[in-house]
Amino acid sequence: MIINEINLIEKGLTVICSNVPVNEKTTLDILCHDSNGQLVILQLNVEEDDAMLLQGIQSFDYVDKFKSFLKATYNKHKIDDKEKPRLILIAPSFSDAVRRAVESMKGIRIDLYEWEYLKLGDHKGLRLQPIFTWKLVEKPKEEKFPEKKRELKPVKKKEPEEEKPPSPQSPEPEKKEEPKPEPPKPEPVKETPPPPSPPKMPEKPKEEEPPKRKLKLF
C-alpha cells in the first residue's frame, strides 16, 4: 500500500527496490530517491515499536556505505552518491522516547510519519500524517543594491584675468628712528668692612702665695 501511495509521503519519490536484507534482524523495507537524486530509506511498522529506530539507523548505515555500489547497480535511476541518504519512519504511533531521540539526533535526517487506514462506506484508503519533519532553513540572501555611477562633471576652465595696472600708492613717510636710551651703568659694589673683633677680657692678677713656714727641729 505504501509503494502504491508513495506520493502521499512526498512528491517526487521514486521506488528503487524493497525488502533488502541488512543483517539477521534488520530488513530495509523500501529504498527510494527524491527528485534531486538523494537516497531515501523508508522503514515501516504495523505497531508502535521503539526498536524500529535502531533498525532504521542500521539501514541508513548500510545504504550510506554502499551508495556508490547502488548507483552503479541501479544505473537507470539518477542517484546522487555524494549526498548522504535520509530516513523516514512510518508507524501507527511513536513513543515520546523515540520523538526526543529523533529531535536531538545530529548528522542524520529522520522524519516521522504516522499512518492510519480509513474506511468510509465503500471508500477506504491510507492516511499519512507527518509528526516530525526536518525543515531546511535557507539563509536569507543579501540584497545587493546597484551601485550608482558617478557622473563626471566637466571642469570649467577659468578665464585668464586681465592684469590690472598697479594703483598708484602714496609714498609712506620715512619713519625717523628715535635714539635708544643707553642701559644704566652698574653701580660699584661697596665692600662691607669686617665685623669688629670682640674686646679682650683683662686678665685676673695672680694671688700671692703666703710665705712658707719653716719647721724647727728640737
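Keep in mind the model is a prediction, meaning the values are calculated, not measured.

The rules we used
- Residues numbered from 1 in each chain as written.
- Predicted model: local features only at pLDDT ≥ 70, side-chain atom pairs only at ≥ 80, totals over all residues.
- Heavy atoms only, no water.
- pLDDT = per-residue confidence, 0-100.
- Contact = heavy atoms within 4.5 Å.
- Core = buried A, V, L, I, M, F, W, Y, C linked by side-chain atoms within 4.5 Å.
- Buried < 20%, exposed > 50% of the residue type's maximum accessible area, 1.4 Å probe, protein only.
- Helix = DSSP H or I, 4+ residues; strand = E, 2+ residues; numbered from the N terminus.
- Polar contact = N/O pair within 3.5 Å; in protein donor to acceptor, adjacent residues only side chain to side chain.
- Expected span 1.5 Å × (residues − 1).
- Arc of directions from axis to C-beta.

**Describing the confidence of the model for the chain**
- Of the residues in the chain, 61% reach a pLDDT of 70 or more, and the chain-wide mean stands at 79.
- Confidence drops under a pLDDT of 50 for residues 136–141, and excluding neighbours within four residues, the segment shows 0 contacts in the predicted structure.

**Remarks on the nonpolar core**
- Counting 23 residues, the largest nonpolar core has L31, L39, I41, V63, L89, F94 and I110 as its most contacted members.
- Top contributing element to this core by residue count: helix α1 (residues 51–65), with 4 residues.
- Of all hydrophobic cores here, the second largest spans 13 residues; its members include I9, I30, V40 and L128.

**Some points on the environment of D50**
- Relative to the elements of secondary structure, D50 occurs in the loop between β3 (39–44) and α1.
- Leaving out residues up to four positions away in the same chain, D50 has contacts with S95 and V98.
- A distance of 2.7 Å separates the side chain of D50 from the side chain of S95, its partner in a polar contact.

**Section: α1**
- End to end, α1 covers 22 Å across 15 residues, agreeing with the expected 21 Å (1.5 Å per residue, within 8%).
- Here α1 has its buried residues at M52, L53, G56, S59, F60 and V63. Considered in projection along α1, the buried side chains sweep an arc of 120° and stay on one side of the axis. For α1, the exposed residues lying more than 90 degrees away from the buried face are L54 and K65.
- Among the structural elements, β2 (27–33), β3, α2 (67–73), β4 (86–91), α3 (96–104) and β5 (110–120) are those in contact with the buried residues of α1.

**Considerations on the environment of R86**
- As for its placement among the helices and strands, R86 is situated in strand β4.
- Separated by 46 residues in the primary sequence, R86 and V40 place their C-alpha atoms 5.1 Å from one another.
- Residues contacting R86, with those up to four places away along its chain left out, are E10, D34, Q38, L39, V40, I41, F60, R109 and D111.

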